[in-house]
Amino acid sequence: MYQLHPCSEEDKKSIIDGLVAYNLTCVPAVQEELFIDLSRKVVSEAGTVIGGIVARMYCWNCADVDALWVSEKYRGTGLGKKLLLQVEAAAREKGARFIHLDTFDFQARGFYENQGYEVFGVLDNCPEGHKRYYMKKCLL
């Protein structure tokens, strides 16, 4: 018999560690560190975070962008592009072959396409009436 319970942060780490351990029995890591943080932020002269990108490279020479945000006041100034290019360069320098991300139809699909990303999958009605796009870019 078993019971289901909410997870603590420690539980979540244990679950991820278990999955990673299993994955590595199927496909060995090709980089020394399993996960490399590539995240960056942009700080104003006043010390306020006005933009940032949360990204990491994982053990098979792939990078993943979890979030890219620029404060509305600074959109259109090139900060998003600079953040993305910095992460791509860092990933490429560390041996990444691909980078991937997702975005919604009300976010930045066009921006990413202008940076060389292509859609490889779509979830319709996620959320209702909208689309979620999965995008990738070859870094070679």
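Keep in mind it's a predicted model, so treat the numbers as computed, not measured.

**Q** Help me understand the packing of aromatic side chains in this model?
**A** Applying the stated criterion across every chain yields a total of 4 aromatic pairs. With a centroid separation of 5.2 Å and an interplanar angle of 10°, the aromatic rings of F104 and F106 are classed as stacked. By relative accessible area, F106 is classed as partly exposed at 49%. Look at F111 and Y112: their rings are 5.1 Å apart centre to centre, the planes differ by 70°, and that puts the pair in the edge-to-face class. Exposure remark for Y112: the relative accessible area of 5% places this residue in the buried category. One aromatic cluster is present, built from ring pairs that chain together F111, Y112 and Y117. The aromatic ring of Y133 is capped on one face by R109, whose charged end is 4.4 Å from the ring centroid.

**Q** Explanation requested: the environment of E33 in the structure shown.
**A** Topologically, E33 is positioned in the loop between helix 1 (9–26) and strand 1 (35–37). On a C-alpha basis, the gap between E33 and C59 in space is 6.8 Å, while along the polypeptide they are 26 residues apart.

Rules of the game
Residues numbered from 1 in each chain as written. Predicted model: local features only at pLDDT ≥ 70, side-chain atom pairs only at ≥ 80, totals over all residues. Heavy atoms only, no water. Phe/Tyr/Trp six-rings, centres within 6.5 Å; stacked < 30°, edge-to-face > 60°. Buried < 20%, exposed > 50% of the residue type's maximum accessible area, 1.4 Å probe, protein only. Lys NZ or Arg CZ within 6 Å of the ring centre and 35° of its normal. Helix = DSSP H or I, 4+ residues; strand = E, 2+ residues; numbered from the N terminus.

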